[in-house]
Amino acid sequence: MACPMNYYLEQQLEKRFKLFRFWTVPDKSLFLASHKDSIQAVVGDASSGADAELIEALPKLEIVASFSVGIDKIDLAKCKEKGIRVTNTPDVLTDDVADLAIGLILAVLRKLCESDRYVRSGKWKKGDYVLTTKFTGKKVGILGLGRVGMAIAKRAEAFCCPISYHSRTEKPDIKYKYYPSVVELASHCDILVVSCPLTKETHHIINREIIDALGPKGVLINIGRGPHVDEPELVSALVERRLGGAGLDVFEHEPNVPEELFGLDNAVLVPHVGSDTVETCQAMADLVIGNLVAHFQKKPLLTPVV
């Protein structure tokens, strides 16, 4: 197990396998050298997976099971080269991540966090809080219209929001407006939600040009991955009010967050908790276990990536 991620998952792994908690190992090189002929599986997540160095150090490795949908922490090319299977946990976390995206939109536009602090500080006794911004009817653009993107779109439709999107290719059966570039999408929406996989092509896909296209009334929501966004550009745009607001579940160098964001009332920050509900984490853990058991019983994998 690459890093701490879920106690229930740890328990279930320990019941079925000889479990090594890699993050507790003081000398990782020595550990890998000592166990290179016995370790057959690695369990990772969105923050830690299996890079080329780890894969090369484990010649008996057969499967990498990720406790996440994102697989950007796994060297897929190296896994394909060596015939190592890869699984993730799609579908079971779609609803929670989409729910959080809508929650972040509401929190930014209606200033829920600031309003909460206003009441707790006793300031309400001195006067009403400032006016905020309506969500219903806002134009929502979605970058990446996969499972999560579609779930966000359906929820936003309930708020009477016109939906548009950009993805690698236009989806012929989708009724939403397609824009062939991210800058065009950003120019035609009030709220831009980042919901695409992290790849070389999508690294820093949200740059100054995109932020400027959103403009001083626009809102950026990121429930994808931190490196999707050029973080220094986002911070300066929020500080200078060139961007209206941001709701961020993910950051470029987690758990380190730019301190300039802490004092801003136009940013809502949460600690990468998109799928972190009791129900979903258990379902994800069960899927990780199910994939591992299927592999070692030589049955079809439940959710194969490679």
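Everything numeric here is computed off the predicted structure, so don't read it as measured data. (Residues numbered from 1 in each chain as written. Predicted model: local features only at pLDDT ≥ 70, side-chain atom pairs only at ≥ 80, totals over all residues. Heavy atoms only, no water.)

**Q** Teacher, can you tell me more about the overall build of the chain here?
**A** On a plain count of helices and strands, the chain comes out with eleven helices and ten strands. By the compact-globule yardstick of 19 Å for 306 residues, the chain fits well, its C-alpha radius of gyration being 21 Å. When the backbone C-alpha atoms are referred to their principal axes, the chain occupies close to 65 × 50 × 30 Å. Evaluated residue by residue, the chain yields a buried proportion of 49% over its 306 residues. Of all intrachain contacts in the chain linking residues separated by at least 6 positions in sequence, the fraction that spans at least 24 positions is 58%. Of the roughly 15,600 Å² that the chain leaves accessible, carbon and sulfur atoms contribute 53%. Here the chain holds 37 positive side-chain charges and 40 negative ones, and the gap between their average locations is 4 Å. (Helix = DSSP H or I, 4+ residues; strand = E, 2+ residues; numbered from the N terminus. Rg over C-alpha atoms; globule rule 2.2 N^0.38 Å. Buried < 20%, exposed > 50% of the residue type's maximum accessible area, 1.4 Å probe, protein only. Contact = heavy atoms within 4.5 Å. Areas by Shrake-Rupley, 256 points an atom, 1.4 Å probe, with all protein chains shown as cover. Lys, Arg positive; Asp, Glu negative; His and termini not counted. Charge placed at Lys NZ, Arg CZ, Asp CG, Glu CD.)

**Q** Can you help me understand the pattern of salt bridges in this one?
**A** When charged atoms on two side chains of opposite charge get close, those side chains can pair. Applying the stated criterion to the full structure yields 18 salt bridges. Of the charged contacts, one joins Asp37 and Lys36 as a salt bridge, the two residues approaching to 3.6 Å between their closest N and O atoms. Owing to a relative accessible area of 53%, Asp37 belongs among the exposed residues under this scheme. Across the salt bridge formed by Asp99 and Arg155, the nearest N and O atoms sit 2.7 Å from each other. Of this pair, Asp99 sits in helix α5 (residues 94-109) while Arg155 sits in helix α7 (residues 147-157), placing them 56 residues apart in sequence. Residue classification places Arg155 among the partly exposed positions, given a relative accessible area of 22%. Look at the salt bridges and you will find they share partners, linking Arg208, Asp212, Glu233, Glu240 and Arg242 into a network. (Salt bridge = Lys/Arg side-chain N within 4 Å of Asp/Glu carboxyl O.)

**Q** Just checking my understanding: could you explain the side chain of Ser68 for this structure?
**A** Its location among the elements puts Ser68 in the loop between β2 (63-66) and α4 (76-82). Of the polar contacts made by the side chain of Ser68, one reaches the side chain of Ser66; its length is 2.8 Å. (Polar contact = N/O pair within 3.5 Å; in protein donor to acceptor, adjacent residues only side chain to side chain.)

**Q** Honestly, the UniProt feature "domain: D-isomer specific 2-hydroxyacid dehydrogenase catalytic" (unreviewed entry) in the chain in this entry has me stumped. Any pointers?
**A** Listed under "domain: D-isomer specific 2-hydroxyacid dehydrogenase catalytic" (unreviewed entry) in the UniProt record, and renumbered for this structure, are residues 19-305. In the segment residues 19-305, helix accounts for 34% and strand for 13%; the C-alpha atoms at its two ends are 23 Å apart. (UniProt positions renumbered as here; feature names shortened; annotations may be inferred.)

**Q** For this particular structure, what's the right way to read the UniProt feature "domain: D-isomer specific 2-hydroxyacid dehydrogenase NAD-binding" (unreviewed entry) in the chain?
**A** As recorded in UniProt, the sites labelled "domain: D-isomer specific 2-hydroxyacid dehydrogenase NAD-binding" (unreviewed entry) are residues 102-274. Overall, residues 102-274 shows 29% helix and 14% strand. The separation of its end C-alpha atoms is 11 Å.

**Q** Help me understand the side chain of Thr303 in this model?
**A** Residue placement: Thr303 occurs in the segment after α11 (278-296). Overall, the relative accessible area of 13% leaves Thr303 in the buried class. Reaching out from Thr303, the side chain makes a polar contact with the side chain of Asn291 at a distance of 2.8 Å. Residues in contact with Thr303, not counting those within four places in the same chain, are Val86, Thr87, Asn88, Pro90, Leu287 and Asn291.

**Q** Any chance you could explain the sheet that holds strand β3 (residues 85-87) here in plain terms?
**A** Backbone hydrogen bonds are what pair the strands of a sheet, in a parallel or an antiparallel way. Ordered in space as β1-β2-β3, the three strands form an open sheet in which the pairing is parallel. Each edge of the open sheet is held by one strand with a lone partner, namely β1 (41-44) and β3. The average angle at which neighbouring strand axes cross in this sheet is 15°, direction not considered. Two strands pair when backbone bridges link them, and β1 and β2 are joined in this way by four bridges, in the parallel orientation. By the bridge assignment, Gly44 is partnered in β2 with Ser66. α11 rests against β1, β2 and β3 of the sheet, and its axis sits at about 165° to β2. (Pairing = 2+ DSSP bridges. Axes fitted to C-alpha atoms, helices over the stretch in contact; angles between N-to-C directions.)

**Q** Could you clarify how one ought to interpret the pairing of β2 in this entry?
**A** Alternating positions in β2 separate into two faces, Ile63 and Ala65 on one and Val64 and Ser66 on the other, with burial throughout. Taken together, β1, helix α3 (residues 52-57) and β2 constitute a β-α-β crossover, and its handedness is right-handed. In terms of strand pairing, β2 meets β3 through three bridges, oriented parallel. Within the sheet, the bridge partner assigned to Ile63 lies in β3 and is Arg85. With α4 bridging β2 and the parallel β3, this β-α-β connection has right-handed handedness. (Right-handed = clockwise from strand over helix to strand, strands pointing away.)

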